[in-house]
Amino acid sequence: MAAAAGGAAGRPWRVIPRPVLETVLHNHALHPRVPQPLLLHGPRGVGKSTLLLNRLLPQWSEPPHYAAFVDFLHPAPSSPAHATAAPWSLLADTPPSLPSLRLQLESALEELTRAAVLKGAVGSKDVLAALSRSHGLHTALSRLAGPAAGRGRGTSSVPVLWARAVLAATSSARGEDPTFRIGEGEATNCSMEETAYMQEAMAALRVAKELLRMQEGWRKEALREMNRTGRFSRPLVNSATDWPCLLLDVLSGAAEVDFFQPKLVLNNVDVLKRATCEDETMVPATMYHDSFIWRVIALGANEQCLPVFMSTSDGYYSSQAFVDFGFPNIFISRETFGWTQQEAKLHMVSEFFSEKEWKVVDEILGTNPRHLSEIYMLKQKASRPEVLHDTNIEEIVDTYLAHLQVSVVNPAMETALSMVQKFASDVREGKIPENRLSFGAPWRHPPRTDNPDTSYKWAKIQLMNFVQSFVNTEFGVTIMSLRLATHLHFCYDSLEILDDPAAVAMMEACSAEIRVEPSRINIILMATCNTWAKLPTLDERSRLQVTRLCQENSLVSRSDLNEPGTIFNSMVWN
């Protein structure tokens, strides 16, 4: 639903409200503290980011509401329009670095904490109380407080050392970060006592940040050893998230109805999990991601936390995250699939597309708002001389499908292939239980060697074989069973279709083309296969080559690979 500027002769694309979903999210944000984070998930392009940026964040940024917005996929936007300028299908495939994402998260929370200090909601004692709950402070405070800390054994308690360290930070230039300093004109309407209280709170936050950085530095060699040996240590991993979680703790304690109500919005949180990190003294991105979410959950369960919204398009959060974090209702889950066909027609016909054009677009692409907005952009620009297609809607859709294949379908397929290859590796290492390798299953006998080329070919055959079979059955999955599994989350493993590594890979990696149907599992597979079936890119020679590979490997086939009119006319990997 990203806003797209239309041509001179046509209407510009507009953001269409989603009243029910907006009300659900806004009602959650009205609480100053909540026991659980909220997970907003669904396929890419259905308008999650646009909903947050254009519809909800403006309301959540008006006092007494304050919102910190972190988009891990984009740089920090200066405006909602800037954040939605680049379509997700045109983004770079290179994952960002963990240090940059970590800085982005911490900077957003620091700005939110700064606003709390200027409101008078946070003081030095609040910061010390939050620190003392989970950290030993004496040694680090002794170093920060300076030589005076060593004078007299009876005066070296933590509160005394804290007061000295805060006083030293207030009277010196230590901590050059301007975030925790009162700027000119920010406290003009405050009394001297109020200004001093704010300055002390700012100094306390600088001391806390320096203290936690010092303690993290002491653990660097231990982190290097942990990364080298592949072991896991919760205290070491938590040291990387100590600072943002401390700020969350302080902000949650300061939250108050009609005075200061902070919120944290994490958009594309799955990118944090896939970030890269070359520093051996830092925790891996997956551990950082898990540690931060674990501590948010723990803060909410133990003491209640400010509202945290996590938005993602990764299928992992729909089907597996609750298993990894140990409880079916660990998150407040809100899932959106965009518009139904009736809703999309109501919004699109006559304003953006004619009745005839809409029939073509709906039949080929469905009702994904992102696709509709980009098709409308192409339609508006079709009259320009530099454009390669004409104004015929079929030609426009063909051009857009070619773009989707290059920018979306092929990369998603490579991701799915890597997941199936990982399954083959896990089978060789004995990590897959025997009940998933039932007799007669096509995936029962992966390659016995770790040859990358053989593993790649086997994974390719598995995926193509599964997609063809699913198309041949006309996407036949029992809706009642899927609905039951959706409500009883831990029953997922009882569904035979999810024993297939190809099905799981397509659910998690190929969820960009999802349509609106009663069952999440069925629509992911249906829409992905259906989209591939509309991309005629594999020639007869490639089809025969894949058939020969199947015969050479003597694989148990799900269906006849030579049947015409199936996925072999629809997919290609170079």
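The paragraphs below set out a description of the structure included in this document. (Residues numbered from 1 in each chain as written. Predicted model: local features only at pLDDT ≥ 70, side-chain atom pairs only at ≥ 80, totals over all residues. Heavy atoms only, no water.)

### Structural notes on the sheet that holds strand β3 (residues 261-267)
Then step 1. The parallel open sheet is built from 5 strands, whose spatial order is β2-β3-β4-β1-β5. Because the sheet does not close on itself, it has two edges, and the strands there are β2 (65-71) and β5 (332-335). Here the average twist between neighbouring strands, direction ignored, is 20°.
Then step 2. The strands that helix α2 (residues 48-60) touches are β1 (38-41), β2, β3 and β4 (308-312); relative to β2, the one it contacts most, it runs at about 155°. (Pairing = 2+ DSSP bridges. Helix = DSSP H or I, 4+ residues; strand = E, 2+ residues; numbered from the N terminus. Axes fitted to C-alpha atoms, helices over the stretch in contact; angles between N-to-C directions. Contact = heavy atoms within 4.5 Å.)

### Quick look at the packing of helix α4 (residues 98-118) against helix α11 (residues 242-254)
Then step 1. Running from N to C, α4 and α11 point in directions that differ by 30°, and their axes come no closer than 10 Å. In terms of axis orientation, α4 runs roughly parallel to α11. Here the hand of the crossing between α4 and α11 comes out left-handed. Between α4, through Leu105, Glu106, Leu109, Glu110, Leu112, Thr113 and Ala116, and α11, the contact on the second element is made entirely by Trp243, Pro244, Leu247, Leu248 and Leu251.
Then step 2. The residue inventory of the contact of α4 with α11, partitioned by class, reads 9 nonpolar, 1 polar and 2 charged. (Parallel < 35°, antiparallel > 145°, perpendicular 65-115°, else oblique. Left-handed = near helix turned anticlockwise from the far one by under 90°. Nonpolar A, V, L, I, M, F, W, Y, C, P; charged D, E, K, R; others polar.)

### Remarks on helix α1 (residues 19-29)
Then step 1. Among all positions in α1, only Leu21, Glu22, Leu25, His28 and Ala29 are buried. Down the axis of α1, the sector holding all buried residues measures 130°, keeping them to one side. For α1, exposure combined with an orientation more than 90 degrees from the buried face picks out Pro19 and Val20.
Then step 2. Where the residues of α1 are buried, they touch β1, α2, β2, β3, β4 and β5. (Buried < 20%, exposed > 50% of the residue type's maximum accessible area, 1.4 Å probe, protein only. Arc of directions from axis to C-beta.)

### Things to note about the environment of Ser107
Then step 1. Here Ser107 lies in helix α4.
Then step 2. You can call Ser107 partly exposed: its relative accessible area is 30%.
Then step 3. Along the chain, Ser107 and Pro244 lie 137 residues apart, while their C-alpha atoms are 9.0 Å from each other.
Then step 4. At a separation of 2.7 Å, a polar atom in the side chain of Ser107 contacts the main-chain carbonyl oxygen of Leu103. (Polar contact = N/O pair within 3.5 Å; in protein donor to acceptor, adjacent residues only side chain to side chain.)

### Thoughts on the packing of helix α17 (residues 355-364) against helix α19 (residues 393-428)
Then step 1. Following both chains from N to C, one finds α17 and α19 inclined at 25°, their axes separated by 10 Å at the closest point. With respect to α19, the element α17 is oriented roughly parallel. With respect to the hand of their crossing, α17 and α19 are arranged in right-handed fashion. Facing α17, whose interface residues are Glu357, Val360, Val361 and Ile364, α19 presents Ile393, Glu394, Val397 and Leu401.
Then step 2. Of the residues contributing to the contact of α17 with α19, the split by class is 6 nonpolar, no polar and 2 charged.

### With respect to the environment of Glu186
Then step 1. The residue Glu186 is located in the loop between α7 (158-171) and α8 (192-218) in this model.
Then step 2. For the pair Glu186 and Leu118, spaced 68 residues apart in sequence, the C-alpha to C-alpha distance is 8.0 Å.
Then step 3. Not counting residues within four places of it along the chain, the set of residues in contact with Glu186 comprises Arg114, Leu118 and Arg181.

### Overview of helix α5 (residues 124-134)
Then step 1. When α5 is considered as a whole, its buried residues turn out to be Ser124, Val127, Leu128, Ala130 and Leu131. For α5, the angular spread of the buried residues around the axis is 165°, confining them to a single face.
Then step 2. For α5, the secondary structure elements touched by its buried residues are α7, α8 and α11.

### Observations concerning the pairing of β4
Then step 1. Most of β4 is tucked away: 5 of the 5 residues are buried.
Then step 2. Alternating residues of β4 divide into Val308, Met310 and Thr312 and Phe309 and Ser311, and every residue in both groups is buried.
Then step 3. The pairing of β1 with β4 spans 4 bridges and is classified as parallel. Within the sheet, the bridge partner assigned to Leu40 lies in β4 and is Ser311.
Then step 4. Note: β3 against β4, 4 bridges, orientation parallel.

### Focus: the pattern of salt bridges
Then step 1. Within the structure shown, the criterion is met by 21 salt bridges.
Then step 2. For Glu106, the salt bridge goes to Arg213, with nearest N and O atoms at 2.8 Å. Of this pair, Glu106 sits in helix α4 while Arg213 sits in helix α8, and the two are 107 residues apart along the sequence.
Then step 3. A relative accessible area of 5% places Glu106 in the buried class.
Then step 4. With relative accessibility at 30%, the residue Arg213 sits in the partly exposed group.
Then step 5. As a salt-bridge pair, Lys457 and Asp453 come within 3.4 Å of each other at their nearest N and O atoms. Of this pair, Lys457 and Asp453 both sit in helix α20 (residues 452-472), 4 residues apart, roughly one helical turn.
Then step 6. On the basis of relative accessibility, which here comes to 33%, the residue Lys457 falls in the partly exposed class. (Salt bridge = Lys/Arg side-chain N within 4 Å of Asp/Glu carboxyl O.)

This is a description of form; function is not addressed.
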